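Given next are the chains, with one letter for each unit.
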Amino acid sequence: QVQVVESGGGLVQAGGSLRLSCAASGRTFSNFAMGWFRQAPGKEQEFVAAISWSGGSTYYADSVKGRFTISRDNAKNTVYLQMNSLKPEDTAVYYCAAEEGRYAPLLYGYEYDYWGQGTQVTVSS
C-alpha cells in the first residue's frame, strides 16, 4: 500500500515563502509521477504543479508559474513545493498526489491513485 504524507503548511504573510514536503512510501518512489493540487473553501480542486519520475520535466498552473517550484529527491522519497511571493489567493488545502508507473508529469486529479491528507496553507494580507 502506498502512503502519501504532506507537511510544511502554515500561516504566512503575503509576499512570504513556505516549502511543502510530501513523503511517499510503500513502493519504489522513482517509479511515481508526483503532483500538487489545492482546494480553497467553496472552490473546486485545482492543479498546481507536477513533476516526472526523474524530475526532468515539470509543469505548473499559470497562476503559480514563476512563484512556485516543484522538485523531488528520489533518494529521500520526497517531493517538494517551494512557494515564494505568496498571495492571499494561494490560501487553500494543498494535496500531494502520486501515480505509479507513469513517468511524465500528470496534470489532472483523476490520473492519480494515491493522495495525501492535505496540509493547510493560509496567506494573510
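Above this text is the structure in question.
For the structure given in this document, a descriptive report is provided here. (Residues numbered from 1 in each chain as written. Predicted model: local features only at pLDDT ≥ 70, side-chain atom pairs only at ≥ 80, totals over all residues. Heavy atoms only, no water.)

### Section: the side chain of Ser52
Mapped onto the elements of the fold, Ser52 is located in the loop between β5 (46–51) and β6 (58–60). For Ser52, the contacting residues outside a window of four places in its chain are Ser57, Arg72, Tyr103, Ala104 and Pro105. (Helix = DSSP H or I, 4+ residues; strand = E, 2+ residues; numbered from the N terminus. Contact = heavy atoms within 4.5 Å.)

### Let's talk about the pairing of β5
Counting buried residues in β5 gives five out of six residues, a clear majority hidden from the surface. Bridge analysis of strand β4 (residues 32–39) against β5 gives five bridges, and the strand direction is antiparallel. Residue Gly35 lies in a different strand from β5, and its bridge partner there is Ala50. Here β4 folds back onto β5, and the loop between the two strands holds six residues, one of which, Gly42, carries a positive phi near 75°. Following β5, the chain reverses through six residues before pairing antiparallel with β6; Gly55 in that reversal takes a positive phi of roughly 90°. (Buried < 20%, exposed > 50% of the residue type's maximum accessible area, 1.4 Å probe, protein only. Pairing = 2+ DSSP bridges.)

### Remarks on the packing of aromatic side chains
Applying the stated criterion across every chain yields a total of eight aromatic pairs. Each ring, one from Tyr112 and one from Trp115, has its centre 6.1 Å from the other, and the planes form 70°; the classification is edge-to-face. Residue classification places Trp115 among the partly exposed positions, given a relative accessible area of 31%. Aromatic rings pair up to connect Phe37, Phe47, Tyr59, Tyr112 and Trp115 into one cluster. (Phe/Tyr/Trp six-rings, centres within 6.5 Å; stacked < 30°, edge-to-face > 60°.)

### Regarding the sheet that holds strand β1 (residues 3–7)
Read from one edge of the open sheet, four strands run β1-β3-β8-β7, paired in antiparallel fashion. Bordering the open sheet on either side are β1 and β7 (68–73), each of which pairs with just one other strand. Taken over all neighbouring pairs, the strand axes of this sheet differ in orientation by 15° on average, direction set aside. Sheet topology places β1 next to strand β3 (residues 18–25); five bridges connect them, and they run antiparallel. Each residue of the ladder has a partner; that of Ser7, found in β3, is Ser21. (Axes fitted to C-alpha atoms, helices over the stretch in contact; angles between N-to-C directions.)

### Some words on the nonpolar core
Ranked by internal contacts, the top residues of the largest apolar core, which has 38 residues, are Met34, Trp36, Val79, Leu81, Met83 and Tyr94. Contributing elements (two or more residues each) for this core: β3, β4, β5, β7, β8 (78–83), β9 (92–100) and β11 (119–124). (Core = buried A, V, L, I, M, F, W, Y, C linked by side-chain atoms within 4.5 Å.)

### Describing the side chain of Thr119
Mapped onto the fold, Thr119 is located in strand β11. A polar atom in the side chain of Thr119 sits 3.2 Å from the backbone nitrogen of Gly9. Thr119 has contacts with Glu6, Ser7, Gly8, Gly9, Leu20, Ala92, Val93 and Tyr94, leaving out every residue within four places of it along the chain. (Polar contact = N/O pair within 3.5 Å; in protein donor to acceptor, adjacent residues only side chain to side chain.)

### Regarding the pairing of β11
Side-chain alternation along β11 places Thr119, Val121 and Val123 on a buried face and Gln120, Thr122 and Ser124 on a face that remains uncovered. For strand β2 (residues 10–13) and β11, the ladder comprises four bridges, and the chain directions are parallel. Across the sheet, Gly10 pairs through a bridge with Val121, a residue of β11. For β9 and β11, the ladder comprises three bridges, and the chain directions are antiparallel. Directly across from Val93, in β11, lies its bridge partner Gln120.

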